Amino acid sequence: MSVIEKITSESLINLENNYGAHNYHPLPVVLKRGEGVFVWDINEKKYYDFLSAYSAVNQGHCHPKIVNAMVEQAQTLTLTSRAFYNDKLGIYEEYVTKYFGFDKVLPMNTGAEAVETALKITRKWAYEVKGIPEHQAQIIVCDGNFHGRTTTIISFSNDENARKNFGPYTDGFIKIPYNDIEALETILKSTQNIAGFLVEPIQGEAGVYTPSDDYMMRAKDLCNRYNVLFIADEIQTGIARTGSLLAVCGNCTCQNKCERQETYATPDVLILGKALSGGAYPVSAVLANDAIMNVIKPGQHGSTFGGNPIAAAVAMAALSVVDEEHLIQNARKLGNLFRDKLNEYISTSSIATLVRGRGLLNAIVINDTEQSDTAWNICMALRDNGLLAKPTHGNIIRFAPPLVMNEEQLLDCVSIIIKTLKTFEK
């Protein structure tokens, strides 16, 4: 790397540091373009992307079908607000509801907005349908959750870094341990006015914490028994990432897009984001059936950009790519291969103790404390070796490549990961 190139890279990093709020701690690499599973930095060094913008880029960087849909719509009509109808929204709403098997969709822009929307719908349903006294609805959440960073959402977070000095916090939430069906049943039995149970099918930010195979099904059964809405946050896990259309769904609402496991459960309220856009444009959505969604009336919830024509066009293109390129099946196949190969290595490793996940959402646990910088240093070494990943919770490295990856590329990445880990063996 020449002195001029190094200064250019450093100057761009310094611009962000000098003029941007310090709310992120990025890996020091400056990217300028992407295609498929690859990204390039400003010096034209090529990397495998093993984060996929936190699973927003499931369909690969700059997928031509998605980009073309966005550009074509942007040249015609970008925004009307919901004060008027537009010629894309209704078509998209029909498409997405039939695609996932629900009656209605409420379109939003970001994941956090969609979570907030789902919470509002759940509370309104609780008061107007279930009959809970107003202002007394409780929503159960799980320890270790990550649903966003709004004031309401951090109110039920365990992450003190996300919470400290942002109070006062919002009431109305009960936390229980994740993957503990007995804890859920105890709360449902002993507590009145429970409106819903909000859960991630896999806790991504917590380190790809993957629950027992029957946890979601049993949780859904309990929610049915106690007339509580089962709210699945599939913002990171949904849309083929885990080797099925959704990480938590039961009946064949997706028209046999994937082979179902009997242990999956159909949510009452489904929250989507990230890959709904293919990483091209902010798109999120909340889906539910009429008995739930019809509690929302004009003027009670909205968004200037929610349901805009570009978002509608992009989302339809993004979902069509999932089917056309068989991304569900590819994620399942390559995920099994990834874990098999990493488990072979970990069986004799002193630096990595565990690989876990489902489909192409995986993580390895590093043999060190959360306070150590070992995982960060490993990610720096991976960067130097041509693969980009990021630690979570200090000693865990999340691996989530675009789902368009092929087997040869995956095996190349496994080789890079193992080669890098070997340099850290104790």
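> So what's going on with the overall build of the protein chain? Residues and values would help.
Scanning the protein chain for helices and strands turns up 14 helices and 15 strands. C-alpha atoms of the protein chain, sized along the principal axes, occupy 65 × 55 × 45 Å. Within the protein chain, the fraction of its 426 residues that count as buried is 54%. Within the protein chain, contacts between residues at least 6 apart in sequence are counted, and of these 71% link residues at least 24 apart. Total accessible area on the protein chain stands at roughly 18,900 Å², and carbon and sulfur atoms take up 51% of it. For the protein chain, the separation between the mean place of its 39 positive charges and that of its 47 negative charges on side chains is 1 Å.

> Residues and numbers for the sheet that holds strand 8 (residues 229-233), please.
In a beta sheet, neighbouring strands are held together by backbone hydrogen bonds and run either parallel or antiparallel to one another. Taken together, seven strands build an open sheet; the order of strands is 4-10-9-8-7-5-6 and the sheet is mixed. Edge positions in the sheet fall to strand 4 (104-108) and strand 6 (173-176), since each of these pairs with one other strand and no more. Each strand of the sheet is rotated relative to its neighbour by a mean of 20 degrees, with strand direction disregarded.

> Give a description of the side chain of Gln-59 that names residues and reports values.
Tracing the sequence through the fold places Gln-59 in the loop between helix 2 (52-55) and helix 3 (64-74). Reaching out from Gln-59, the side chain makes a polar contact with the backbone oxygen of Ala-275 at a distance of 3.0 Å. A polar atom in the side chain of Gln-59 sits 3.1 Å from the backbone oxygen of Ala-318. Ignoring any residue separated from it by four or fewer positions in sequence, one finds Gln-59 in contact with Ile-66, Ile-239, Ala-275, Gly-278, Ala-318, Val-321, Val-322, Leu-327 and Val-404.

> Give me the lowdown on the pattern of salt bridges, citing residues and values where you can.
For the structure shown, the criterion picks out 14 salt bridges. In this structure, the salt-bridge partner of Arg-218 is Asp-214, at a minimum N-O distance of 3.8 Å. Assessed through its relative accessible area of 35%, Arg-218 is described here as partly exposed. Overall, Asp-214 belongs to the partly exposed group, its relative accessible area being 29%. When the shortest N-O distance is used, the salt bridge between Glu-407 and Lys-333 registers 3.4 Å. Placement of Glu-407 in helix 14 (residues 407-422) and of Lys-333 in helix 12 (residues 327-346) is noted, with a sequence separation of 74 residues between them.

> Go over the pairing of strand 15 (residues 396-399), please, and point to the residues and values.
Residues of strand 15 alternate between two faces, with Ile-396 and Arg-398 on one and Ile-397 and Phe-399 on the opposite face, all of them buried. Relative to strand 15, strand 12 (residues 361-366) is paired through four bridges, and the arrangement is antiparallel. Within strand 15, the residue paired with Ala-363 across the bridge is Arg-398. Two strands pair when backbone bridges link them, and strand 14 (residues 390-392) and strand 15 are joined in this way by three bridges, in the antiparallel orientation. Paired with Lys-390 across the two strands is Arg-398, which belongs to strand 15. Count of turn residues in the strand 14/strand 15 antiparallel hairpin: three residues, of which His-393 carries a positive phi of about 55 degrees.

> Residue-level account of the environment of Phe-338, with values.
Note that Phe-338 resides in helix 12. Separated by 51 residues in sequence, Phe-338 and Leu-287 have C-alpha atoms that sit 32 Å apart. Ignoring anything within four residues of it in the chain, the contact list for Phe-338 reads Phe-50, Val-355, Asn-362, Phe-399, Leu-410, Val-414 and Ile-417.

> Tell me what's going on with the sheet that holds strand 1 (residues 31-35), and back it up with residues and numbers.
The mixed open sheet is built from four strands, whose spatial order is 1-2-3-13. Unpaired on one side and paired on the other, strand 1 and strand 13 (387-388) mark the two borders of the sheet. Both strand 3 (residues 46-49) and strand 13 contribute to a ladder of two bridges, which runs parallel. The partner of Tyr-48 across the bridge, within strand 13, is Leu-387. Where helix 14 meets the sheet, it contacts strand 2 (38-41), strand 3 and strand 13, and its direction lies at approximately 100 degrees from that of strand 3.

> If you had to explain the packing of helix 3 against helix 11 (residues 309-324) to someone new, which residues and values would you point to?
Where helix 3 meets helix 11, the closest approach of the two axes is 8 Å, and the angle between their N-to-C directions is 160 degrees. One finds that helix 3 runs roughly antiparallel with respect to helix 11. As for the relative orientation of helix 3 and helix 11, their crossing is right-handed in sense. The segment helix 3 lies against helix 11, with Lys-65, Ile-66, Ala-69, Met-70, Gln-73 and Ala-74 engaging Pro-309, Ile-310, Ala-313, Val-314, Ala-317, Ala-318, Ser-320, Val-321 and Glu-324. Looking at the contact of helix 3 with helix 11, its residues break down into eleven nonpolar, two polar and two charged.

> So what's going on with a nonpolar patch on the surface? Which residues, and what values?
On the surface, Leu-12, Leu-15 and Tyr-19 cluster together into a nonpolar patch covering about 340 Å² of accessible area. Its location among the elements puts Tyr-19 in helix 1 (residues 3-19). Its relative accessible area of 70% is what places Tyr-19 among the exposed residues.

> How would you sum up the packing of helix 4 (residues 89-100) against helix 11? Please name residues and give values.
It is at 9 Å that the axes of helix 4 and helix 11 come closest, and there the two elements cross at 30 degrees. Relative to helix 11, the element helix 4 is oriented roughly parallel. Here helix 4 runs over helix 11; the crossing is left-handed. Contacts between helix 4 and helix 11 involve Leu-89, Ile-91, Tyr-92, Tyr-95, Val-96, Tyr-99 and Phe-100 from the first element and Ala-312, Ala-315, Met-316, Leu-319, Ser-320, Val-322 and Asp-323 from the second.

Rules used throughout
- Residues numbered from 1 in each chain as written.
- Predicted model: local features only at pLDDT ≥ 70, side-chain atom pairs only at ≥ 80, totals over all residues.
- Heavy atoms only, no water.
- Helix = DSSP H or I, 4+ residues; strand = E, 2+ residues; numbered from the N terminus.
- Buried < 20%, exposed > 50% of the residue type's maximum accessible area, 1.4 Å probe, protein only.
- Contact = heavy atoms within 4.5 Å.
- Areas by Shrake-Rupley, 256 points an atom, 1.4 Å probe, with all protein chains shown as cover.
- Lys, Arg positive; Asp, Glu negative; His and termini not counted.
- Charge placed at Lys NZ, Arg CZ, Asp CG, Glu CD.
- Pairing = 2+ DSSP bridges.
- Axes fitted to C-alpha atoms, helices over the stretch in contact; angles between N-to-C directions.
- Polar contact = N/O pair within 3.5 Å; in protein donor to acceptor, adjacent residues only side chain to side chain.
- Salt bridge = Lys/Arg side-chain N within 4 Å of Asp/Glu carboxyl O.
- Parallel < 35°, antiparallel > 145°, perpendicular 65-115°, else oblique.
- Left-handed = near helix turned anticlockwise from the far one by under 90°.
- Nonpolar A, V, L, I, M, F, W, Y, C, P; charged D, E, K, R; others polar.
- Patch = residues over 30% accessible without salt bridge, like charges linked within 9 Å, V, L, I, M, F, W, Y side chains within 5 Å.

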